[in-house]
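Listed below are the residues making up each chain.
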Amino acid sequence: MKCLTHTISAHAVQPGEDFHAAASDRSLVMPPNPRRRVAIGAIALMAAASLAPAPTWAADWPDKPVKIVVPFAAGGATDLLARALGAELGKIWRQPILVDNRPGAGGALGADVVAKSPADGYTLLLASGSQFTVNQFIYQKLPYTIKSFEMITKVAGGPMVVTVNTSVPVRSLRELLSHGKANPGQLHFASAGNGSQVHMAGEAFADASGLDLVHVPYKGEGPAYADLMGGAVQMAVGNINAISPLLKGGRLRALAVTGKERSALLPEVPTAAESGLSGFEFIGWFGLTAPTGTPKSLIDKIYADVQQASEQPGMKRYLAEQGMTLSVTGPDAMKTDITSESARWKELIAKRKINAN
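The notes below deal with the structure included here.

## A look at the nonpolar core
Then, in step 1: By size, the foremost hydrophobic cluster in this structure holds 98 residues, and its most contacted members are L81, V155, L173, L176, F205, M235 and I302.
Then, in step 2: Counting residues per element, this core draws most heavily on strand 4 (residues 149–165), which supplies nine residues.
Then, in step 3: The contact partners of F205, leaving out residues within four places of it in the chain, are V162, L173, L176, L177, L211, L213, M235, V237, L277 and F280.

The structure is reproduced here in structure tokens:
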């Protein structure tokens, strides 16, 4: 079984057979000059380097399992999407897709793992949007930057759901707003970690509503929602695909969705705008990236394969069941969105004095 390698085939430049051949008129013969020989050798080496092709990837990629790092604990939105996408990519690539959960620091720990991995396409990162739009503003010593990664594509997105534990005496968003204003600092909201989309959705909700909410970070949506169901925290503004299955147990109550329109998954739940929070909208998204230096031809292949995977019935069914929509946009559009969103988050972070250190 062959492993993918970067191949650089240098074409050595051959000097003339004799740079100092004797002329018929010996008066024209120049004596050998060592410095000239060194200069010619350097020129030859530079010429060889210029002829070498850029790093490439083997035609049989992948010929071993591909790892998708999820920088949050199992059971959250990013994790669930990675497993659904991995199932379809595994069929296309004819290789197992391994989901590797590396929670911590709002996704920074998992991102760092991928940033330091070989740029050969065998280790990818499925990131939530906040890892590239938020973390640089709240962590003083972030171990990566956007330049540490090659953007491949956005994959999917969806609204958030304002959700409370049923012990909170409210049955609508309007009632939550009244209850929260009457009890400042008493409502604790859970998140998937400092800087995560769930954290920033909660902060954006607090800013738009004027409520005094207390943030409680976890290492992923799974543990956050476990405590939400247990009553250790009172509310969350969670990703729809992770929190919607938990609404059936009778311990959580959905009050509003944060999209422009109601979700087909939760048609009875009104939008935040319908419920008295005019103009409030939040759409979470997830994107696939690779370590910087991954060959563009390989990035293009993975992007094309994600497009193919997204069109499969299983993937479409999964997204519909989870209340999400496809957003396969490609590298350039992903970079543009990150730039525009980063500016908005920078402003909110400064306003609310959010700091993860």
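## Observations concerning the packing of helix 2 (residues 77–93) against helix 11 (residues 313–321)
Then, in step 1: With their axes 9 Å apart at the nearest point, helix 2 and helix 11 run at an angle of 165 degrees to one another. As judged from the angle between their axes, helix 2 and helix 11 are roughly antiparallel. Of the two possible hands of crossing, helix 2 and helix 11 adopt the one that is right-handed. Where helix 2 abuts helix 11, its residues L80, L81, A84, L85 and E88 lie against G314, M315, Y318 and L319.

## Brief notes about the packing of aromatic side chains
Then, in step 1: Overall, the coordinates contain seven aromatic pairs when judged by the stated rule.
Then, in step 2: Ring plane angle 70 degrees and centroid distance 4.9 Å describe the contact between W61 and W93, whose orientation is recorded as edge-to-face. Taken together, the residues W61 in the loop between helix 1 (34–51) and strand 1 (66–70) and W93 in helix 2 connect sequence positions 32 residues apart. Accessibility assignment for this pair places W61 and W93 in one class, buried.

## A closer look at helix 12 (residues 331–352)
Then, in step 1: Between the first and last C-alpha of helix 12 there are 31 Å, a value that for 22 residues agrees with the 32 Å anticipated at 1.5 Å per step.
Then, in step 2: Of the residues making up helix 12, those classed as buried are P331, M334, I338, E341, S342, W345, L348 and I349.
Then, in step 3: Contacts from the buried residues of helix 12 go to helix 4 (130–133), helix 5 (135–138), strand 4, helix 7 (197–209), strand 9 (283–291) and helix 10 (296–310).
Then, in step 4: Backbone geometry just after helix 12 places K353 at a positive phi near 55 degrees.

Conventions used here
- Residues numbered from 1 in each chain as written.
- Predicted model: local features only at pLDDT ≥ 70, side-chain atom pairs only at ≥ 80, totals over all residues.
- Heavy atoms only, no water.
- Core = buried A, V, L, I, M, F, W, Y, C linked by side-chain atoms within 4.5 Å.
- Buried < 20%, exposed > 50% of the residue type's maximum accessible area, 1.4 Å probe, protein only.
- Helix = DSSP H or I, 4+ residues; strand = E, 2+ residues; numbered from the N terminus.
- Contact = heavy atoms within 4.5 Å.
- Axes fitted to C-alpha atoms, helices over the stretch in contact; angles between N-to-C directions.
- Parallel < 35°, antiparallel > 145°, perpendicular 65-115°, else oblique.
- Left-handed = near helix turned anticlockwise from the far one by under 90°.
- Phe/Tyr/Trp six-rings, centres within 6.5 Å; stacked < 30°, edge-to-face > 60°.
- Expected span 1.5 Å × (residues − 1).

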